[in-house]
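Descriptive structure summary
One letter stands for each residue in the lines below.
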Amino acid sequence: MQIDNYQGTDKSCKLFNMTSDFGACCKIIEYGALITELHIPDKDGVTADIMLGLKDLDAYVQDVSNHGSVVGRSANRIKGATYKIGDVEYKAPLNDGNNNLHGGSPSYQNVFWDGQVVSVEEANEFISSTNIEGIEEAASEGVLLHYLSPDGACGFPGNLDTYVLYVWLKDRTLLIAYKGTSDQDTIFAPTNHSYFNLGGHDSGYTGNNILTIDADKVTHKTDACPDGTYIDVEGTIFDFRNGAPLKQVLTLDHDQTKGSLGVDQNFCVDREEGKFTLVATLEDDKSSRKMEVLTDMPGLQIYAGNHLGGNLQKGDIPYKQYGAVCLEAQMYPNAVNIPEFSTPIIKKGQTTYHACGYRFN
């Protein structure tokens, strides 16, 4: 694996170039444990970078869109930025209207991690230790990143020792596996916030991509946060069970999409706890690229770059609204406040694993 220096004006970090045996490569930096480039071949062997990203380290440090980042320790929203663990109430920063979004700063997405190359054998040991069924074996060296989120960061309790493994698997899956251990009860609910455009990062509108999601319901939002109720997808714009163009949820004529300028919704995927399950598929309408999403987590947040824009993007063509789609495997948003949801709370001394994979065919 090639390791380079990724330089900013005042700071620098390592950049890892992780290649696969089918012609793909993934570039990862220590800042935000994020993916800067993801080059995937089509059926004819023509490769494109399908990961939206920014032009340099300085741009990533300034960014608030979390391009390619590992996000957490509490991804997505907490209603009122307030929650309880046991009888103790905690407050996180109000940074998204009346809610907390993705923790705040310092969080996983806006700090420098420590990264190292791990062998195929070491990657497989990490995969085995997750006890998540169905994850294929590693096909290459991987990148293991470490960050200790300190007690009290953004109001969250406990020193949360976190590892993230990136590795190519034998079935053409880019695996992202998370490990967390805390010295106090706390929230551990990470995700990856990659913006995908299967036609190429600068190829524009993704509304004609075909999206399939194995989900019979989505969580209903009030003030941008799940309120503990659900919407059955049957007969609604959220029904992707048999595949449909993404543009059907890029409407402002629905109460759930109007406030977010398009889809920004948690789908309750059909998966068995503890198993690495295929939950969604994205197919590009302009190329032959197809991406499958696998996870052990109960939710999949679909967000279509509703607020994309600016001039710090890599390449010469500015990104525009709906020029990408994020498929974020996660715990349900606001789950810490809704007992009926799978809990994001991990106990003191408990080591917890989660995994997400993007498989290319």
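A brief look at the structure comes next. Computed from a predicted structure; not experimentally measured.

Here we look at the overall build of the protein chain
The helix and strand inventory of the protein chain stands at three helices and 27 strands. Taken against the 2.2 N^0.38 rule, which gives 21 Å for 361 residues, the C-alpha radius of gyration of the protein chain at 19 Å falls within 12% of a compact globule. Along the three orthogonal principal directions, the C-alpha set of the protein chain runs to about 55 × 45 × 40 Å. Put simply, the protein chain has 361 residues, and 57% of those count as buried. Contacts in the protein chain between residues at least 24 apart in sequence constitute 68% of all its contacts with a sequence separation of at least 6. As displayed, the protein chain has an accessible area near 14100 Å², and 45% of this comes from carbon and sulfur atoms. Positive and negative charge centroids in the protein chain, built from 28 and 49 side chains respectively, lie 3 Å apart.

Observations regarding the sheet that holds strand S11 (residues 114-118)
Taken together, nine strands build an open sheet; the order of strands is S11-S12-S13-S14-S27-S23-S22-S17-S20 and the sheet is antiparallel. Here the strands that pair on one side only, and so sit at the sheet edges, are S11 and strand S20 (244-245). When strand S17 (residues 210-213) meets S20, the two strands line up antiparallel, connected through two bridges. Pairing of Leu211 across the sheet is with Ala244, part of S20.

As for the pairing of strand S23 (residues 290-295)
Across the six residues of S23, five count as buried, placing the element largely inside the fold. Relative to S23, strand S22 (residues 277-283) runs antiparallel, the two sharing six bridges. Within the sheet, the bridge partner assigned to Ala280 lies in S23 and is Val293. Connecting S22 to the next strand, S23, in antiparallel fashion are six residues. Looking at chain direction, S23 and strand S27 (residues 351-360) are connected through five bridges and run antiparallel. Bridged to Met291 within S27 is Phe360.

Observations regarding the pairing of S27
For S27, the tally of buried residues reaches nine of 10 residues, placing the bulk of the element in the interior. Here strand S14 (residues 173-182) runs beside S27; their pairing, made up of nine bridges, is antiparallel. Opposite Gly180, over in S27, you have Thr352 as the bridge partner.

So, the pattern of salt bridges
Evaluation of the coordinates by the stated rule reveals 15 salt bridges. Between Glu37 and Lys27 there is a salt bridge, with the nearest N and O atoms lying 3.6 Å from each other. Remark: Lys27 occurs in strand S3 (residues 25-29) and Glu37 occurs in strand S4 (residues 34-41); sequence separation between them is 10 residues. The class for Glu37 is partly exposed, based on a relative accessible area of 22%. Residue Asp96 pairs with Arg77 through a salt bridge whose shortest N-O separation is 2.8 Å.

About the criteria used
- What you see as residue numbers is a count from 1 along each chain, following the sequence as written.
- Per-residue local features are limited, in this predicted model, to residues with pLDDT of at least 70; the limit for side-chain atom pairs, both in listing and counting, is 80 or more; totals at the level of whole chains, interfaces and linings are taken over all residues.
- With hydrogens and water set aside, each side-chain value is computed from the structure's full complement of heavy atoms.
- Numbering goes from the N terminus for both helices and strands, where a helix is a DSSP run of H or I of at least four residues and a strand is a run of E of at least two.
- Radius of gyration: over C-alpha atoms. The globule rule applied is 2.2 Å multiplied by the number of residues raised to the 0.38 power.
- Relative accessibility decides the category of a residue: with a 1.4 Å probe and only protein chains considered, values under 20% of the type maximum give buried, values over 50% give exposed, and everything between is partly exposed.
- Two residues qualify as a contact provided that any one of their heavy atoms is within 4.5 Å of a heavy atom in the partner residue.
- Here, Shrake-Rupley sampling with a 1.4 Å probe gives the accessible areas, and only protein chains in the shown set may cover a residue.
- Counting rule for charge: Lys and Arg are taken as positive, Asp and Glu as negative, and neither His nor the chain ends is counted.
- Here the site of a charge means NZ on Lys, CZ on Arg, CG on Asp, or CD on Glu.
- A pair of strands is labelled paired if DSSP reports no fewer than 2 bridges between them.
- What makes a salt bridge here is a side-chain nitrogen of Lys or Arg within 4 Å of a carboxyl oxygen of Asp or Glu, nothing more.

Shape descriptors only; they carry no functional weight alone.
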